[in-house]
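# Understanding the architecture of this molecule
For reference, the chains in residue letters:
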Amino acid sequence: MLLEVRGLKKHFPVGSGLLGPSGLVKAVDGVSFGVEEGKTYALVGESGCGKTTVAKLILLLERPTAGEVLYRGTSVAGLSGSALGFFRREVQAVFQDPFSSLNPRLRVRSIIAEPIRANENIGRAELDRRIEEALDIVGLPKGAGALFPHEFSGGQRQRIAIARALAMRPKAMVLDEPTSALDVSIRAQILNLLSDIQDEFGVAYLIIAHDLALVEHFSHDTGVMYLGAMVEQGPTETVFGNPQHPYTEALLASAPRPDPDHRPTPDVILGEIGSALNPPSGCRFHPRCPHAFGPCAGTDPAPVDTGPGAWARCHLLTENAMEKAE
């Protein structure tokens, strides 16, 4: 496994008093998954479920409260010096907003050169070659390096952000909503570009997205988060084709489909997403679940295998398995 997350937790203290914080926001609470070399893993879920916090923990922009992130089997928490530099070179990020993720005062050449200079000691000729190579990979002309970000469209800016990441020759990239700020036609171009890069260079992707059509088309494996916890994960075709958790079913049913004959009949999901400051006991989804019954409010469900490489956390699955056994 190239990149692995084990029991990852991030709790943010809130409020203050004589005895310390008055509470903890459990933004991420026991998340585990793995990203294989050359594959794409997608994290989906409602806004505020903890997806971006997971990305920040992987990128070492936040430190975990518990759990660990492993890269090639080694925990990244204790990395320092050259080992930390190696990890930062191998795992790059492309952020959501191409309009704010690029320094408006720097020319494109300097934007791409900045991380190379910070991590490697190379000559001017080699630096120029790496910049031109990165621009060529993302389909931008050499002359683009002399321009400023404001001289490009949104899609072109996202290509620049991808070029900046690729210039480090990474083995993995964390993509946080990489197409959400772009027009539909431009999204397709960026996704095709990312797919071509993966095919040619074997880069692994961790993609965070709300666009379920994008996830279904682009990812190999999918994890579904709800209120800081993972409720279902597995191969994308399994999760999308036969969802086992009521929340996953509702999430997929809410996505529009370009089929005039499609008539989704999802169960009614009541109420609002709960508070990460005080998550519901038992299954976190039970206050909104139309299938909730006795154990749901008191016991956190254990993962139940739902297919090759797939599992879901739901008491209904355990109940059904017990009935079949009888």
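Residues numbered from 1 in each chain as written. Predicted model: local features only at pLDDT ≥ 70, side-chain atom pairs only at ≥ 80, totals over all residues. Heavy atoms only, no water.

## Focus: the sheet that holds strand β7 (residues 172–176)
Strand-to-strand pairing in sheets goes through backbone hydrogen bonds, with the strands running parallel or antiparallel. Here eight strands make up an open sheet; going across it, the order is β6-β7-β8-β3-β9-β10-β12-β11 and the pairing mixed. Across the chains shown, the open sheet's two edge strands, defined by having one partner strand only, are β6 (91–94) and β11 (303–307). Between one strand axis and the next, the sheet turns by 20 degrees as a mean value, whatever way the strands run. Of the pairings in the sheet, the one linking strand β10 (residues 229–235) to strand β12 (residues 310–313) comprises two bridges and is antiparallel in character. When the bridges of β12 are listed, Gln233 appears paired with Trp311. Of the strands in this sheet, β6 and β7 touch helix α2 (residues 81–90), which is tilted by about 45 degrees from β6. Lying over the sheet, helix α5 (residues 154–166) contacts β6 and β7, oriented at roughly 170 degrees with respect to β6. (Pairing = 2+ DSSP bridges. Helix = DSSP H or I, 4+ residues; strand = E, 2+ residues; numbered from the N terminus. Axes fitted to C-alpha atoms, helices over the stretch in contact; angles between N-to-C directions. Contact = heavy atoms within 4.5 Å.)

## Comments concerning the packing of α5 against helix α6 (residues 184–201)
Running from amino to carboxyl end, α5 crosses α6 at an angle of 20 degrees, the nearest separation of the two axes being 10 Å. One finds that α5 runs roughly parallel with respect to α6. Here α5 and α6 pass one another in a crossing that is right-handed. Across from Gly155, Gln158, Arg159, Ile162 and Leu166 in α5, the residues of α6 making contact are Ile186, Gln189, Ile190, Leu193, Leu194 and Ile197. Counted by class, the contact of α5 with α6 contains seven nonpolar, three polar and one charged residues. (Parallel < 35°, antiparallel > 145°, perpendicular 65-115°, else oblique. Left-handed = near helix turned anticlockwise from the far one by under 90°. Nonpolar A, V, L, I, M, F, W, Y, C, P; charged D, E, K, R; others polar.)

## A look at the pairing of β12
Bridging between β11 and β12 involves four bridges; their strand directions are antiparallel. Across the sheet, residue Asp305 finds its bridge partner in β12, namely Trp311. Counting the residues that bridge the hairpin from β11 to β12 gives two residues, and of these Gly309 lies at a positive phi of roughly 75 degrees.

## Thoughts on the packing of aromatic side chains
Tallied over the full model, the rule gives six aromatic pairs. Measuring from ring centre to ring centre gives 5.8 Å for Tyr205 and Phe218, while their planes differ by 20 degrees; the resulting arrangement is stacked. Taken together, the positions of Tyr205 in strand β8 (residues 204–208) and Phe218 in helix α7 (residues 212–218) put the pair 13 residues apart, joining distant regions of the chain. Phe218 carries the same exposure label as Tyr205, and that label is buried. For the pair Tyr247 and Phe285, a centre-to-centre distance of 5.4 Å together with 65 degrees between the ring planes defines the contact as edge-to-face. Taken together, the residues Tyr247 in helix α9 (residues 246–253) and Phe285 in the loop between α9 and β11 connect sequence positions 38 residues apart. (Phe/Tyr/Trp six-rings, centres within 6.5 Å; stacked < 30°, edge-to-face > 60°. Buried < 20%, exposed > 50% of the residue type's maximum accessible area, 1.4 Å probe, protein only.)

## Some details on α2
For the α-helix, the turn length of 3.6 residues means that residues three or four positions removed from each other point alike. Within α2, the full set of buried residues consists of Leu84, Gly85, Phe87 and Glu90. If you follow the buried residues of α2, they end up packed against α1 (51–58), β4 (66–71), β6, α3 (108–119) and β7.

## Concerning the pattern of salt bridges
Per the counting criterion, the structure on display carries 14 salt bridges. Here Arg6 ties to Glu68 by a salt bridge, and the two come within 3.8 Å at their closest N and O atoms. With a gap of 62 residues between them, Arg6 in strand β1 (residues 3–14) and Glu68 in strand β4 connect regions that are remote in the sequence. On the basis of relative accessible area, Arg6 is assigned to the partly exposed category, the value being 42%. Take Glu68: its relative accessible area is 28%, and that puts it in the partly exposed class. For Arg169, the salt bridge goes to Glu133, with nearest N and O atoms at 3.7 Å. Here Arg169, found in the loop between α5 and β7, pairs with Glu133, found in helix α4 (residues 124–137); they are 36 residues apart in sequence, far enough to count as distant. A residue is classified by how much of its surface remains accessible, and Arg169, at 43% relative accessible area, is partly exposed. Connected through shared salt-bridge partners, Glu126, Arg129, Glu133 and Arg169 make up one network. (Salt bridge = Lys/Arg side-chain N within 4 Å of Asp/Glu carboxyl O.)

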